[in-house]
Amino acid sequence: MQSVLDLLHDTVTSPWVYLVIFAVTAVDAVFPAVPGETIVVTAGVFAVGGQPDLTMVIVLAACGALAGDHLSYAIGRGGGAHRLARLPADSRRRAGSEWARRAVDRRGGMMLTTARYVPGGRTAVTLTMGAVRYPLRSFVLFDALAAGTWAAYCGLLGYFGGLAFEREPIKGILAGIGLSVAVTGLLEAARWLRLRARRRAAGRPR
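Residues numbered from 1 in each chain as written. Predicted model: local features only at pLDDT ≥ 70, side-chain atom pairs only at ≥ 80, totals over all residues. Heavy atoms only, no water.

Engineer: What's the story with the side chain of threonine 25 in this structure? I'm lost.
Structural biologist: Position of threonine 25 relative to the elements: it lies in helix α2 (residues 17-30). Here the side chain of threonine 25 touches isoleucine 21 through a polar contact of 2.7 Å, landing on its backbone oxygen. Leaving out residues up to four positions away in the same chain, threonine 25 has contacts with Gly36, Val40, Leu60, Ala61, Gly64, Ala65 and Trp150. (Helix = DSSP H or I, 4+ residues; strand = E, 2+ residues; numbered from the N terminus. Polar contact = N/O pair within 3.5 Å; in protein donor to acceptor, adjacent residues only side chain to side chain. Contact = heavy atoms within 4.5 Å.)

Here it is as structure tokens:
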């Protein structure tokens, strides 16, 4: 275990870790299976010792997330928009796309900001925003807010986990990731309950 810990320490405290953080968080925005959140939390834990620098970890994670979200948006805008335009006017998929467009128009900023904390959700939202041609200026503004708060949240989770378990960084990493998973679970539960309540309200006789 000590050899694994030493290897992890050498990797995370290397100057190359900043490039890795940027690359992984960017790819994670397009392919959610990549552990972007985990690497930011881990770097935050080791930042307690001074290396890597916590501010740099947060800034590079935010920039990577922002770049990845814009790539996902561009993919949706380039491919999805053309496919949606070719759908028959009376098809269910066309109706679904029109519903998504209206939802994004009404609360696109909130959707983008909250989806950043849900694995897979951010990719679906950014692709949809591109496909329905959500205004780029508004997308940049809200996505900068989402990426910045997400990066600070993950970095600080790791940092405070590292402070709590300064002599046992593995426990700090597990604590940070555990809290992150718990918050994600609460957000998903709240979303599911809200959706269920809306469906029940829609099904009630008037």
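There is more to say after this.
Engineer: Help me understand the nonpolar core, please; the structure alone is not making it clear to me.
Structural biologist: Soluble, globular proteins show a tendency: their nonpolar side chains are buried together. The biggest cluster of nonpolar side chains holds 21 residues, and the ones touching the most others in it are Ile21, Val40, Val57, Ala61, Trp150, Ala151 and Cys154. Counting residues per element, the ones that place at least two in this core are α2, α3 (36-46), α4 (54-86) and α7 (136-164). Ranked by residue count, the leading element in this core is α4, at seven residues. In contact with valine 40, not counting residues within four places along its chain, are Ile21, Thr25, Val57, Ala61, Trp150, Ala151, Cys154 and Gly155. Core analysis: the second largest hydrophobic core is formed by seven residues, Leu112, Ala115, Val125 and Phe139 among them. (Core = buried A, V, L, I, M, F, W, Y, C linked by side-chain atoms within 4.5 Å. Buried < 20%, exposed > 50% of the residue type's maximum accessible area, 1.4 Å probe, protein only.)

Engineer: When you look at the packing of α3 against α7 in this model, what are you seeing that I'm missing?
Structural biologist: Each pair of packed helices can be described by the angle between their axes along with the distance between the axes. Orientation of α3 relative to α7, taken along the N-to-C sense of each, is 45°, at an axis distance of 6 Å. By the angle between their directions, the pair α3 and α7 is classed as oblique. Seen from above, α3 lies across α7 with right-handed handedness. Packed against α3, whose contacting residues are Gly36, Glu37, Val40, Val41, Gly44 and Val45, the element α7 presents Trp150, Ala151, Cys154, Gly155, Gly158, Tyr159 and Gly162 at the interface. (Axes fitted to C-alpha atoms, helices over the stretch in contact; angles between N-to-C directions. Parallel < 35°, antiparallel > 145°, perpendicular 65-115°, else oblique. Left-handed = near helix turned anticlockwise from the far one by under 90°.)

Engineer: Would you explain a nonpolar patch on the surface in this entry?
Structural biologist: Taken together, the side chains of Leu71, Ile75 and Leu127 present a nonpolar region at the surface, about 240 Å² in accessible area. Topologically, isoleucine 75 is positioned in helix α4. (Patch = residues over 30% accessible without salt bridge, like charges linked within 9 Å, V, L, I, M, F, W, Y side chains within 5 Å. Areas by Shrake-Rupley, 256 points an atom, 1.4 Å probe, with all protein chains shown as cover. Salt bridge = Lys/Arg side-chain N within 4 Å of Asp/Glu carboxyl O.)

Engineer: Can you help me understand the environment of alanine 115 in this one?
Structural biologist: Within the fold, alanine 115 resides in helix α5 (residues 92-115). Each C-alpha atom, one on alanine 115 and one on alanine 146, is 8.6 Å from the other, the two residues being 31 residues apart in sequence. Apart from residues lying up to four places away in sequence, alanine 115 is in contact with Gly121, Arg122 and Val125.

Keep in mind these numbers describe shape, not what the thing actually does.
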